[in-house]
Amino acid sequence: MSKISNEKAKVWELIHTGEKANISLAIALAKSQNIHLDFDPYQSLFELMDKTYPFRSQTKDIGSNLSERLHYILNIKDLNLFQDLITNNISDYFHLLYGLNRISINNINTEVLPNVFCTFPRLKILILNNYKKTLRFLPQHLGQLQYLEKLTVQHLEQTQLPDSITKLSKLQCLHLETDTFLQELPEDFECLTNLQELTISFKNPINPIKYIRQIAQLEQLRSLHLSIEPAIELEDLPDGFYKMYQLEDLELKGIRLKNFPRNLPNREQMHSLHIKHFSFTQLPTSIQEWQGLRWLELTEGNLKNLPHELGQLKQLDTLLIEKNQLTHFPNCLLELTSLETLSLKGNQLKQIPDTISQLGRLSSLNISDNFIQELPDTIKDLQDLFRLDYVNNQLCRLPKVLRKASNINFLYLDKNRIKELPDWIGELKKLEELSLKNNELEQLPDSILKLSGTISEIDLSFNHFKVFPSILFKDSYFIVPDFNANYCYINFDFNQFSTKEIKEVLWCTGNYEDHTGCYSKEFLKNPQSL
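What you see is a predicted model; the values in this text were computed from it and never measured. Note on numbering: residues in each chain are counted from 1, in written sequence order. Restriction of local features to residues with pLDDT of at least 70 applies here, the model being predicted, together with a cutoff of 80 or more for giving and counting side-chain atom pairs; totals for whole chains, interfaces and linings are based on all residues. Side-chain numbers here rest on the full set of heavy atoms in the structure, without hydrogens or water.

This next bit is on the overall build of the protein. If you tally the helices and strands in the protein, you get 10 helices and 19 strands. With a 1.4 Å probe rolled over the protein chains alone, any residue whose accessible area is under 20% of its type maximum counts as buried; one over 50% counts as exposed, and the rest are partly exposed. Burial status across the protein gives 51% buried among its 530 residues. Put simply, of all contacts in the protein between residues at least 6 apart along the chain, 45% involve residues at least 24 apart. Accessible area of the protein: about 25300 Å², with a carbon and sulfur share of 45%. Runs of H or I in DSSP of at least four residues are treated as helices and runs of E of at least two as strands, each being numbered from the N terminus. Here, residues are in contact when the closest pair of their heavy atoms is within 4.5 Å. Note on areas: these come from Shrake-Rupley sampling with a 1.4 Å probe, and a residue is covered only by the protein chains present in the view.

This is the structure:
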């Protein structure tokens, strides 16, 4: 090795220490030995730090002295990157940031994560938001991150995790979220003995039963969200689940259990249970033992009734019994006095009882996709009710009781048969969103303008409007300014306006991309065609 190479190695060794004095010494040594150091990468790193939002306020105080800048950069612990900042030039120098504890990368634009991201010895958190779905592989070098505690990946197209992931002995949280589907697991996946949180989805898995059993050996899990597509049939959960004494949050999707998982060892302490797709037809009376439950979701099953014992879950604040076979409102629900969110969407209910007023804390009620044509007058007594989903119930008019339910902020009445809005619609002064998609409306009442103080969105798409509502015009040229002042978005997609009317409205608003109302997606793509 030449003398220059030796001296250059000393320079890099000094820089790696991260000490201000050593960095200054390294710069002096480089100058005395005529060693050329390309400082552009350092400057690029400094600019990169300035662009990542957690450090903007701090970087303003850094002096112009290069050694001070390097000292600051080399001690960065938290780094947020965006795709346009990840270039080959900068990546080559990332290894200098040996003190990093957390890296978050958004909108990755490479198929393979550069190996440099697997070289940080102190890295504890790695977050990869692959929104553009360009990242297809996690590198085998991932196993080098011996101190990694949390790995989050979104939208990954890789069908198998790298085998080296089983070497991450300190890993506590593994979240493979949002369109991140696997076909298989590494053979020694159960070696992740410190794993406490796991979110994982399988699509067309090679051996789903085997993978479920592997996961069931992770006895330290506190939170498990497991999804399998297509769904598989199981009599019971594997025996390993009954050794999970730490489990508090369990979500199962695509596992058609024939029996409710009644023997989980920590059921008295579990706070969240989600079972989506199942075959059992009733809940056991032992459901009363799940006293710690705050969230219970049972979706896409064959439940025809609920046991009285369910009413003993006094801490339950969210209950979702969706897409089942309930024909009557279960009386046991009235005993859930802590309930704040109730969804009975997709059942066969015909009415809601007057006694629903006993749920005094209820803030969100979803009764969509049923056969309910009227609401009880006692709905008005639910003073905390701010959201009502009443979609697809064959309504011909707005229930009169809504006039008295003045605290509602979000009202969804899509897919009904509503032909007109009552004048009292303007009295719902707290409305922020009103959705009336797929109804039979032809015009709007003048009172709709009274909502302009609070409303931010009105969706009137897929109705029978043939003429653009004149009430939205102050005169023949301007849309009523109150709506514009509050940035209210009024959606008229797929109605039957004439070409002339659309042109007039666009001319009045001045910009077809930023106007209060959409008229057809085809037109918005090519407005010059008119």
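Let us look at the layout of surface pockets. The calculated volume of the largest pocket comes to roughly 350 Å³. Cavities and pockets were defined on a 1 Å grid built from protein atoms only: a cavity is a group of points that admits a 1.4 Å probe but offers it no way out, a pocket is an open group of points flanked by protein on both sides within 12 Å along at least five of seven lines, and a lining residue is one with an atom within 4 Å of any such point. Lining of the largest pocket is provided by 21 residues; of these, Phe 181, Ser 201, Ser 227, Glu 251 and Lys 253 occupy positions nearest its centre. Of all elements in the fold, only strand E5 (173-177), strand E7 (197-203), strand E8 (223-234), strand E9 (249-257) and strand E10 (272-278) reach the threshold of two or more residues within the lining of the largest pocket. Top contributing element to the lining of the largest pocket by residue count: E8, with seven residues. Its residues assigned to classes, the lining of the largest pocket comprises seven nonpolar, eight polar and six charged. Grid points are joined across faces, edges and corners, and a volume is the space filled by probe spheres set on the points. Residue polarity is assigned by list, with Asp, Glu, Lys and Arg as charged and Ala, Val, Leu, Ile, Met, Phe, Trp, Tyr, Cys and Pro as nonpolar; anything else, Gly included, falls into the polar class.

Another aspect to go through is the nonpolar core. Nine residue types can take part in a nonpolar core, namely buried Ala, Val, Leu, Ile, Met, Phe, Trp, Tyr and Cys, and a core is a set of them joined through side-chain atoms within 4.5 Å. Membership of the largest hydrophobic core comes to 131 residues, with the highest contact counts inside it found for Leu 126, Leu 174, Leu 198, Ile 215, Leu 319, Leu 333 and Leu 342. A total of five residues in this core trace back to one element, the largest contributor, which is E8. Sequence-distant contacts of Leu 174, that is, excluding residues within four places in its chain, are made with Leu 151, Leu 161, Ile 165, Phe 189, Leu 195, Glu 197, Leu 198 and Thr 199.

Another point: the pattern of salt bridges. For this analysis, a salt bridge means a side-chain nitrogen from Lys or Arg found within 4 Å of a carboxyl oxygen belonging to Asp or Glu. Throughout the structure, instances matching the rule amount to 10 salt bridges. For Glu 187, the salt bridge goes to Lys 210, with nearest N and O atoms at 2.8 Å. Of this pair, Glu 187 sits in the loop between strand E6 (181-182) and E7 while Lys 210 sits in helix H7 (residues 208-216), and the two are 23 residues apart along the sequence. On the accessibility criterion, Glu 187 (52% relative accessible area) is exposed. Between Glu 248 and Arg 222 there is a salt bridge whose closest N-O contact spans 3.6 Å. In this pair, Glu 248 sits in the loop between E8 and E9 while Arg 222 sits in the loop between H7 and E8, placing the two residues 26 residues apart along the sequence. The network of salt bridges with shared partners includes Glu 251, Lys 276 and Glu 297.

Working definition: a ring pair exists when centres of Phe, Tyr or Trp rings (six-membered ring for Trp) sit within 6.5 Å. Plane angles under 30 degrees give stacked, over 60 give edge-to-face, the rest tilted. Enumeration over the complete set of coordinates arrives at seven aromatic pairs. With a centroid separation of 5.4 Å and 90 degrees between ring planes, the pair formed by Phe 465 and Phe 492 is classed as edge-to-face. Here Phe 465, found in the loop between strand E18 (457-459) and helix H8 (481-485), pairs with Phe 492, found in the loop between strand E19 (489-491) and helix H9 (499-509); they are 27 residues apart in sequence, far enough to count as distant. Among the aromatic residues, those joined into a cluster by ring pairs are Phe 260, Phe 278, Phe 280 and Trp 290. The criterion is that NZ of a Lys, or CZ of an Arg, lies within 6 Å of the ring centre and within 35 degrees of the ring normal, and then a charge sits over that ring. Here the guanidinium or amino end of Lys 203 rests over the ring plane of Phe 181, the centre of that ring lying 5.3 Å away.

Now for unusual backbone geometry. In this structure, the amide linkage connecting Glu 229 to the following residue, Pro 230, adopts the cis form with an omega of 0 degrees. Looking at the secondary structure, you find Pro 230 in strand E8. Backbone geometry at Thr 178 places phi at a positive 50 degrees, although glycine is not the residue there. For Thr 178, the location among the structural elements is in the loop between E5 and E6. With a phi angle near 55 degrees, Phe 494 is a residue other than glycine that sits in the positive phi range. If you trace the backbone, Phe 494 turns up in the loop between E19 and H9.

A few words now on the pairing of strand E4 (residues 150-154). Most of E4 is tucked away: four of the five residues are buried. For two strands to be treated as a pair, DSSP must find at least two bridges joining them. Pairing between strand E3 (residues 125-129) and E4: five bridges, direction parallel. Note that in E4 the partner of Ile 125 across the bridge is Lys 150. Where E4 and E5 come together, five bridges link them in parallel fashion.

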